[in-house]
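Coordinate inspection notes
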Number of protein chains: 2
Amino acid sequence: MNIGFVLFPELTQLDMTGPFEVLTRIPGSKGLAIAKTMDPVGADIGLRFVPHHTFRDAPKIDILVVPGGFGTDEAMNDGETIDFVRRAAAEATYVTSVCTGALVLGAAGLLKGRKATTHWAYVDLLPLFGAIPTEGRVVRDGNVFTGGGVTAGIDFALTLLAEVAGEDVAKAIQLSIEYDPKPPFDAGHPSRASGRALELVQKRFEKRLPVAREACERAWARFGGQA
Amino acid sequence: MNIGFVLFPELTQLDMTGPFEVLTRIPGSKGLAIAKTMDPVGADIGLRFVPHHTFRDAPKIDILVVPGGFGTDEAMNDGETIDFVRRAAAEATYVTSVCTGALVLGAAGLLKGRKATTHWAYVDLLPLFGAIPTEGRVVRDGNVFTGGGVTAGIDFALTLLAEVAGEDVAKAIQLSIEYDPKPPFDAGHPSRASGRALELVQKRFEKRLPVAREACERAWARFGGQA
């Protein structure tokens, strides 16, 4: 079973590395980092990854995973990336995203009429692609699984894992990665974030969201009608 | 502030990428992947990382993070790796590990008489290095922070983040990575794992643990007396 992760510059690496750690522990599976070229791909925090395949030479993918990050602005407006996502999705058993990777699936026309989620700050952009924003850290609609922001990728991967390999294997992998989370604060969702922390994040997203919205609209105008 | 992550072949990448995502979001910080050479380093699941520095040319590190993985067997018996860990630790404000990275700190003589933790399956190896195994997903003893297995790296990083940058920044970063975990199963710790899943994991560790123990004893015999 090939589990293909789409890499692009300025991705949020934990969107990818969380599910990569979980899903590639499925016996018999292989995790593949797939990018436009074989050049190392830099994440938004500077960590660099060496791809296993390019979009052109990637084998058939069984589980397609699209991570998010600020780099989705470019990725969803890039013809080669969208072409690959569409081609891979057409053959895949599962089509999935973590965080704002959902916007790339959206631009590729893969969320039309589908229930989906994304990072909490970007949920309002989903309807631009005809998707139906849906509550939940992991949302499933048919063979399309979408996860919430960044760390939701681990919960998403365990949920998908249980479906693909059974609950016992999923629980064994959860135990082997000691996934027994104990966040030091109860601040991981805007509904429970405190004043100052929420302010800091909102300030950041005030500038970010109009840029992301414009990128989504541009991508939809270019690719949305063709899907 | 330089946050240095020690890379070695066959590391468990999520031990590193979890804290990398969290800690490098501290305003003004820089995450550095540091390895023996500039060649890409392959994780145990096949993902490959490009280092920023070698052990020889790394700048002064403020927070040193050593991840775990099966590759710790080799890393803790490698003179250059242990030398670097000792040199970097001597200058660092915080000396830290995730998962079996604690065994590398141990081999370098940095856990003598210290409370520490590691992946639940390896806790009994800590006394080989004079460390005091201590309950907790994140354990602190002075400037040494050790985290439990794999995903504990995220909780560890948020705990350290609050100390370094304050609670408001820590909560803001927790919110921005939507760290509001909802594991689909309550199976992440051996105390609550079910029969079949626990069996699957135990079977794996039955073969693994004697190998790890031998590697620890060998490393201690070589490096432990010199620290």
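Because the structure is predicted, anything quoted here is derived from the model rather than measured.

1. A few points about the overall build of chain A
- A tally of helices and strands in chain A yields 7 helices and 11 strands.
- Over its C-alpha trace chain A gives a radius of gyration of 17 Å, about what one expects of a compact globule, namely 17 Å for 227 residues.
- Along the three orthogonal principal directions, the C-alpha set of chain A runs to about 45 × 45 × 35 Å.
- Classification of the 227 residues of chain A by burial places 62% in the buried group.

2. Some words on the environment of Asp-180 of chain B
Residue and element names in this part refer to chain B.
- Within the secondary structure, Asp-180 is located in the loop between helix 6 (167-176) and helix 7 (195-223).
- Since its relative accessible area comes to 11%, Asp-180 is described here as buried.
- Engagement of the side chain of Asp-180 in a polar contact is seen with the side chain of Lys-182, the distance being 3.1 Å.

3. What about the state of the cysteines?
All names here are of chain A.
- Per the stated rule, a full pass over the model turns up 0 disulfides over all chains.
- Here Cys-216 stays unpaired: no disulfide links it, and the sulfur of Cys-99, its closest cysteine neighbor, is 12 Å away.
- For Cys-216, a relative accessible area of 0% corresponds to the buried category.

4. Details of the pairing of strand 10 (residues 138-141) of chain B
All names here are of chain B.
- Alternating positions in strand 10 separate cleanly, Val-139 and Asp-141 being buried on one face and Val-138 and Arg-140 remaining unburied on the opposite face.
- Where strand 10 meets strand 11 (residues 144-147), 4 bridges bridge the pair, whose relative direction is antiparallel. Within the sheet, the bridge partner assigned to Val-138 lies in strand 11 and is Gly-147.
- Linking strand 10 back to strand 11 in an antiparallel pair, the connection comprises 2 residues, with Gly-142 at a positive phi of about 65 degrees.

5. Structural notes on the pattern of salt bridges
- In total, this model carries 26 salt bridges over all chains according to the counting rule given.
- Here Glu-214 of chain A ties to Arg-218 of chain A by a salt bridge, and the two come within 2.9 Å at their closest N and O atoms. Note that Glu-214 of chain A and Arg-218 of chain A are positioned in helix 7 (residues 195-223) at a spacing of 4 residues, about one turn of the helix.
- On the basis of relative accessibility, which here comes to 39%, the residue Glu-214 of chain A falls in the partly exposed class.
- Among the residues examined, Arg-218 of chain A registers a relative accessible area of 42% and is labelled partly exposed.
- Beyond isolated ion pairs, a larger network of salt bridges with shared partners links Asp-180 and Lys-182 of chain A together with Asp-186 and Arg-192 of chain B.

Cut-off values and rules
Residues numbered from 1 in each chain as written. Chains lettered and ligands numbered in written order. Predicted model: local features only at pLDDT ≥ 70, side-chain atom pairs only at ≥ 80, totals over all residues. Heavy atoms only, no water. Helix = DSSP H or I, 4+ residues; strand = E, 2+ residues; numbered from the N terminus. Rg over C-alpha atoms; globule rule 2.2 N^0.38 Å. Buried < 20%, exposed > 50% of the residue type's maximum accessible area, 1.4 Å probe, protein only. Polar contact = N/O pair within 3.5 Å; in protein donor to acceptor, adjacent residues only side chain to side chain. Disulfide = S-S within 2.5 Å. Pairing = 2+ DSSP bridges. Salt bridge = Lys/Arg side-chain N within 4 Å of Asp/Glu carboxyl O.

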